Amino acid sequence: MKKRIAVFANAWSTEFLRLVLEGIRKRAYELNIDIYFYVGYAFDVRGKLVSEGESNIYRLPELSKFDGIILLPGTFNSEEAVIELGERVKESKVPSISLEYKIDGIDYIGTENLEASYAIGKHLVEVHGAKRFIYMGGPMDNKDSKERFIGVSKALSEHGITISEDCILNGYYSYKPARNVIENWINTHSYLPDAIICANDNMAVGVCSQLSEMGIGVPEKILVTGYDALKEGQRFMPTLTSVHRSWSKIGVFAVNNLIDKMAGKITQSDILLETRAVYKESCGCRDNSKDEDFVFAVRDLIVEDYTNSLERVLTLESVSAVCDAMVNTARPDEMSEAVYSAMSDVDKYLGDVFKLYVNESFLDYSKKEVRHDGYDDELYCICDVDSDGAKPVSKLKREDMVEVLSETPGENHFFIILPVQKLGDCYGAIVFDDCLKYIYDYSFNAIEDNIDGAVRQIRQSALLKAANVQLHALSERDSLTGIYNRVAYDRYALPLIDKLKNDNKDGVIMIVDIDKMKIINDRYGHLQGDTAIKIVADSLAEALPENWILIRYGGDEFLAIGEAYKGIDFASVVAKVNKTIEENVKKQGNIMFTLSVSIGMNRIKPNENESLSQHFKEADASMYEMKEINHNKLNF
């Protein structure tokens, strides 16, 4: 059996993910190992509910089903999510490695933070004479951000410089928040800093862009540095001073390390790969890389961006087609065929695999609420498409999902498994295969959002249909007795008689009226009258043949229509009704009056020309004949 490695990450650190995941995929494919990549888009600025909903994806897999686990917790936006997943990983006893983030009890491969950050801080002071600093970090509980701040602070303290509390900012490791934060700081302070040290390049690019819009030159007025040496930072104007990390090696290194662990070999528990500061234009240094090769590299990146932008548009169009097919499907068991057809009609930007798993509770349309924390023990695959075509809806245990996915046709697999959620409502998960390029430019965020919206619409439509069915049922049900009311006479009784005639079968119409109902209401009150009506309705439902239609036709009058089965004895039916009423009266125990009914019946022959109304009159007449007899017997 092929080896299986699970990888866990959050998808906002795209350059880091690109380099690490390409290394993991390259080595895994060489070794014929399948990768299961569990990834979400949890991010503070998206809101707490969305972030919690995205983080649910880490709770989906049964970890014991894997041969190895790779964690990228430095990309997570929540320390709680890191702790929870870390505990589960340790409990699983599966060989595991954490990349760029130390978790007690799990082996670690990372790149050095302190020395490179120290070098950046020292360079800004000693080479460029900076004295007033801003440090822009990531989320407050992020370990990498904390370590980089420690390295910077050490360098500055050696020169008698400290960073004040109001100059320690949180840019959430992202472009737009960094712009907003630095704009607010500049507008609320009477001086400019000499340098802004950012804990990653995304924030540094955001800071440079915002300062430029505000007429503040970089590096003329403020020096700016980043971290990670992303390609975006190296082609930015000015090119970014940053820290180059060994990310191109770390993915391959991690897989090789796991293979040794799987084989029972002793491996080093903590490994640090080298980092080095790269000084460029944003801190006022000369960029020696700007030669002819640099120009061609920038040109290639521009062409790549243009191509990716076009492909992103075409990809989202194909996603829209898939979502339309999902939404327009009347039943879940038709979804696979509909999506397969939609995917066949467009270029395969998403590859061959599209699987949609939903919680068992998702299909329970009697409940408006769905779960928020994790996944049900039972899942439904309501859309199952791969290179072999479309498969029907299937139900499986959540713990078996990995093994089911392993049966997907193809030689090598890099499954990308994303949450399906909306505002924290956990619907399920979607699976693609070998579509990593969409992770690198945030396309999967847009793809996931489209699918999330479609799945939410599917559920909302199903809830609306269920509500309409319920309203329809309520419209034809008597509120006191729960049996059909007069609306059902036209909907069901008349069509039943027509069907019996077409099938050349006898029918029967039976009218039941409670004896001396007016006296019951007048003398004992309407609550006792309601009790009488309820007992009679329950008794009729219990005593009459199961397939007969029972209707409360008036206040105390009932109508039953059904098939007159061969050998049926009407007298026996009447006797059974009376006996059942008597038994139910005894069960009730607090009836202050004698309860009886008068019953009239009429057989309907299929070859007769009499109308149903005529049969109704004849049954009604026979009922009144019995009522005269019963009224003479009853003493109130």
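Above this text is the structure in question.
The following refers to the structure shown.

### Things to note about the nonpolar core
Alright, step 1. Counting residues in hydrophobic clusters, the biggest one holds 64 residues, and the most contacted among them are Phe37, Met326, Phe354 and Leu356.
Alright, step 2. Setting aside anything within four residues of it in sequence, one finds Phe354 in contact with Val322, Met326, Val339, Met343, Cys383, Asp384, Val385, Ile430, Val431, Phe432 and Ile451.
Alright, step 3. Core analysis: the next-biggest nonpolar cluster, separate from the first, contains 42 residues, Phe133, Met136, Leu156 and Leu211 among them.

### A short note on the sheet that holds strand β6 (residues 133–137)
Alright, step 1. Read across the sheet, 4 strands follow the order β7-β6-β8-β9 without closing on themselves; strand pairing throughout is parallel. One side of each edge strand has no neighbouring strand; the edge strands of this open sheet are β7 (168–170) and β9 (223–225). Each strand of the sheet is rotated relative to its neighbour by a mean of 20°, with strand direction disregarded.
Alright, step 2. Sheet topology places β6 next to β7; 3 bridges connect them, and they run parallel. Directly across from Gly137, in β7, lies its bridge partner Asn170.
Alright, step 3. Across the face of the sheet, helix α4 (residues 114–126) comes into contact with β6, β8 (195–198) and β9 while running at roughly 170° to β8.
Alright, step 4. Those strands touched by helix α6 (residues 175–187) are β6, β7 and β8, and its axis lies near 150° from that of β6.

### Remarks on helix α18 (residues 570–588)
Every α-helix winds through 3.6 residues per turn, so residues three or four apart in the chain are directed the same way.
Alright, step 1. Between the first and last C-alpha of α18 there are 27 Å, a value that for 19 residues agrees with the 27 Å anticipated at 1.5 Å per step.
Alright, step 2. When α18 is considered as a whole, its buried residues turn out to be Phe570, Val573, Val574, Val577, Thr580, Ile581, Asn584 and Val585. Projection of α18 onto a plane perpendicular to its axis shows the buried side chains occupying an angular sector of 140°, all on one side. Facing away from the buried side of α18 by over 90 degrees, the exposed positions are Ala571, Lys579, Lys586 and Lys587.
Alright, step 3. Buried residues along α18 sit in contact with β19 (507–514), α17 (526–543) and β22 (597–604).
Alright, step 4. With a side-chain oxygen lying 3.1 Å from the backbone nitrogen of Ala571, the N-terminal cap of α18 falls on Asp569.
Alright, step 5. In the segment just after α18, Gly589 is the residue with positive phi, at about 85°.

### Notes on the side chain of Asn77
Alright, step 1. Tracing the backbone shows Asn77 in the loop between β3 (68–71) and α3 (79–92).
Alright, step 2. A relative accessible area of 14% means that Asn77 is categorised as buried.
Alright, step 3. With residues near it in sequence (within four places) discarded, Asn77 still touches Asn10, Ala42, Phe43, Asp44, Ser51 and Ser55.

### Quick word on the sheet that holds β19
Alright, step 1. Reading across from one edge, β20-β21-β19-β22 is the order of the 4 strands in this open sheet, with antiparallel pairing throughout. Each edge of the sheet is formed by a strand with only one pairing partner; in this case those strands are β20 (549–552) and β22. Shown here is a sheet whose adjacent strand axes are inclined to one another by a mean of 15°, direction ignored.
Alright, step 2. Both β19 and strand β21 (residues 557–563) contribute to a ladder of 7 bridges, which runs antiparallel. Each bridged residue has a counterpart across the sheet, and for Val508 the counterpart in β21 is Gly562.
Alright, step 3. Contacts from α17 reach β19, β20, β21 and β22, with the element oriented near 155° to β19.
Alright, step 4. The strands touched by helix α19 (residues 612–633) are β19, β21 and β22; relative to β22, the strand with the most contacts, the crossing angle is about 150°.

### Some thoughts on the packing of aromatic side chains
Alright, step 1. Taken as a whole, this structure holds 18 aromatic pairs when the rule is applied.
Alright, step 2. With a centroid separation of 6.3 Å and an interplanar angle of 65°, the aromatic rings of Phe8 and Tyr58 are classed as edge-to-face. Of this pair, Phe8 sits in strand β1 (residues 4–10) while Tyr58 sits in the loop between α2 (48–55) and β3, and the two are 50 residues apart along the sequence.
Alright, step 3. Between Tyr36 and Phe66, the aromatic rings sit 5.5 Å apart at their centres with planes inclined by 65°, giving edge-to-face as the arrangement. Linking Tyr36 in strand β2 (residues 34–40) with Phe66 in the loop between α2 and β3, this pair joins segments that are 30 residues apart in sequence.
Alright, step 4. Since its relative accessible area comes to 0%, Tyr36 is described here as buried.
Alright, step 5. An aromatic cluster is present here, built from Phe8, Tyr36, Tyr38, Tyr58, Phe66, Phe76 and Phe415 joined pairwise through their rings.

### Describing the pattern of salt bridges
Alright, step 1. What the rule picks out here adds up to 36 salt bridges.
Alright, step 2. The closest approach of N and O atoms between Glu87 and Lys90, which form a salt bridge, is 3.2 Å. Highlighted residues: Glu87 and Lys90, both in helix α3, separated by 3 residues, approximately one helical turn.
Alright, step 3. Glu334 serves as the salt-bridge partner of Arg331, at 3.1 Å between the closest nitrogen and oxygen.
Alright, step 4. Since its relative accessible area comes to 45%, Arg331 is described here as partly exposed.
Alright, step 5. Relative accessible area serves as the criterion here: at 30%, Glu334 is assigned to the partly exposed category.

Reading guide: rules and limits
Residues numbered from 1 in each chain as written. Predicted model: local features only at pLDDT ≥ 70, side-chain atom pairs only at ≥ 80, totals over all residues. Heavy atoms only, no water. Core = buried A, V, L, I, M, F, W, Y, C linked by side-chain atoms within 4.5 Å. Buried < 20%, exposed > 50% of the residue type's maximum accessible area, 1.4 Å probe, protein only. Contact = heavy atoms within 4.5 Å. Pairing = 2+ DSSP bridges. Helix = DSSP H or I, 4+ residues; strand = E, 2+ residues; numbered from the N terminus. Axes fitted to C-alpha atoms, helices over the stretch in contact; angles between N-to-C directions. Expected span 1.5 Å × (residues − 1). Arc of directions from axis to C-beta. Polar contact = N/O pair within 3.5 Å; in protein donor to acceptor, adjacent residues only side chain to side chain. Phe/Tyr/Trp six-rings, centres within 6.5 Å; stacked < 30°, edge-to-face > 60°. Salt bridge = Lys/Arg side-chain N within 4 Å of Asp/Glu carboxyl O.

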